[in-house]
Amino acid sequence: MPREAGLPPGTLTVLILRLLDAQPLHGYAIAQRIHLLSHEELSVEEGSLYPALQKLLLNGWVKAIWTTSESGREVREYRLTPGGRKQLEAALAEYRRTSQAIDLVLDNA
Amino acid sequence: MSALGRWPRRIWYFLNRRRLERELDQEMASHRAMMAAPHQFGSTIRLREQSADVWGWTWMDDLCHDLRYGARLLVKDRRFTLAAVAALALGLAATTTAFTFVNGAVLRDLPLASPDRWSGFEPSMRAVASSACPTRTSATGARRLARSRRWWSRSSSRST
């Protein structure tokens, strides 16, 4: 069952930043890739995706540019900015630290 | 990212938001078109509102709506408008008057060069004023007083 409720707050932002670090993507492609890369375990609804993307734009972490997709469709592609890359690094470091701490508790309790 | 750094983008969004909202509509339309099951795409209007909320101008829209709604109501119901304006006017006038009086009589100093030196003047003001009045003591003053009394008795006898 694909779910989204399982994502801890702020995780979607990190996932999007990580995807855009690899390549520029449009909204639909972001949702698709999250779905595929998570082995269809995660599914991002548009209701979360678009507000999240707006938040990234507001923070200056991504830039949106209109281009034509491979299928010839007009799409709005999101690219990571240098500020976005810095934010991604900081968020990943924070995530790894927290996750390690949680693991330590789970393993040693 | 500091809140300060967001402000230029926020203002830029506000200035261009008609265009940006249109772009978001287009973007979501193309997203929907690419989906295998387009009907699963949520409400575009709700999504646009949620996205616009992020930029923090919703209060401005709400304020404009409220002002327009209020203006329409005021135009529609003239009697209510009149009553409201009258109540406001009376209320403002009353408070302004009360404040002007308290301000002049209690809060502010006397409009004199050194008001602190006049502090003993007030309790016996009438006594001091009558003794210091030049018309009672000087000769010209007495004459002027007599003349005015004469004028007064003449005019009052004429009127009876």
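Above this text you will find the structure in question.
Residues numbered from 1 in each chain as written. Chains lettered and ligands numbered in written order. Predicted model: local features only at pLDDT ≥ 70, side-chain atom pairs only at ≥ 80, totals over all residues. Heavy atoms only, no water.

1. A short note on the pattern of salt bridges
Argument step 1. For the coordinates displayed, the defined rule picks out nine salt bridges over all chains.
Argument step 2. Here R17 of chain B ties to D61 of chain B by a salt bridge, and the two come within 3.0 Å at their closest N and O atoms. You can see R17 of chain B sitting in helix α2 (residues 17–34) and its partner D61 of chain B sitting in helix α4 (residues 58–76), a full 44 residues away along the chain.
Argument step 3. Look at R17 of chain B and you get buried, because its relative accessible area is 10%.
Argument step 4. Relative accessible area serves as the criterion here: at 24%, D61 of chain B is assigned to the partly exposed category.
Argument step 5. Linked through salt bridges whose partners overlap, the residues forming this network are R76 of chain A together with R19, E23 and E27 of chain B. (Salt bridge = Lys/Arg side-chain N within 4 Å of Asp/Glu carboxyl O. Helix = DSSP H or I, 4+ residues; strand = E, 2+ residues; numbered from the N terminus. Buried < 20%, exposed > 50% of the residue type's maximum accessible area, 1.4 Å probe, protein only.)

2. Section: the pairing of strand β2 (residues 62–68) of chain A
Residue and element names in this part refer to chain A.
Argument step 1. Bridging between β2 and strand β3 (residues 74–80) involves seven bridges; their strand directions are antiparallel. Paired with W66 across the strands is R76, a residue of β3.
Argument step 2. Between β2 and β3, which follow one another and run antiparallel, lie five residues, and G72 among them has a positive phi close to 80 degrees. (Pairing = 2+ DSSP bridges.)

3. With respect to unusual backbone geometry
Trans peptide bonds make up the majority, and among non-glycine residues the majority have a negative phi.
Residue and element names in this part refer to chain A.
Argument step 1. Unlike most non-glycine residues, H39 shows phi in positive territory, near 50 degrees.
Argument step 2. Along the chain, H39 falls in the loop between α2 (27–37) and α3 (46–58).
Argument step 3. Phi at E40 takes a positive value of approximately 60 degrees, unusual for a residue other than glycine.
Argument step 4. Considering the arrangement of structural elements, one finds E40 in the loop between α2 and α3.

4. Notes on the interface of chain B and chain A
Argument step 1. Taken together, the 25 residues of chain B in the interface contact 21 residues of chain A.
Argument step 2. Surface buried jointly by chain B and chain A totals about 2,100 Å² across both partners, of which 62% is contributed by carbon and sulfur atoms.
Argument step 3. Taken as a group, E27, H31 and M34 of chain B account for 30% of the area that chain B buries against chain A, more than any other trio of residues on that side.
Argument step 4. At the boundary of chain B and chain A, one finds two salt bridges.
Argument step 5. A salt bridge links E23 of chain B to R76 of chain A, with the shortest nitrogen-to-oxygen separation between them at 3.5 Å.
Argument step 6. The interface formed by chain B and chain A contains nine residue pairs in polar contact (both at pLDDT 80 or more).
Argument step 7. Of all the secondary structure elements, the ones that give two or more residues to the side of chain B that touches chain A are α1 (3–15), α2 and α3 (44–54) of chain B.
Argument step 8. Broken down by element, the residue count for the side of chain B that touches chain A peaks at ten residues, all from α2 of chain B.
Argument step 9. By residue class, the composition of the side of chain B that touches chain A is 13 nonpolar, seven polar and five charged. (Contact = heavy atoms within 4.5 Å. Buried area = accessible area lost by both parts, 1.4 Å probe. Polar contact = N/O pair within 3.5 Å; in protein donor to acceptor, adjacent residues only side chain to side chain. Nonpolar A, V, L, I, M, F, W, Y, C, P; charged D, E, K, R; others polar.)

Any link to function would need more than the numbers given here.
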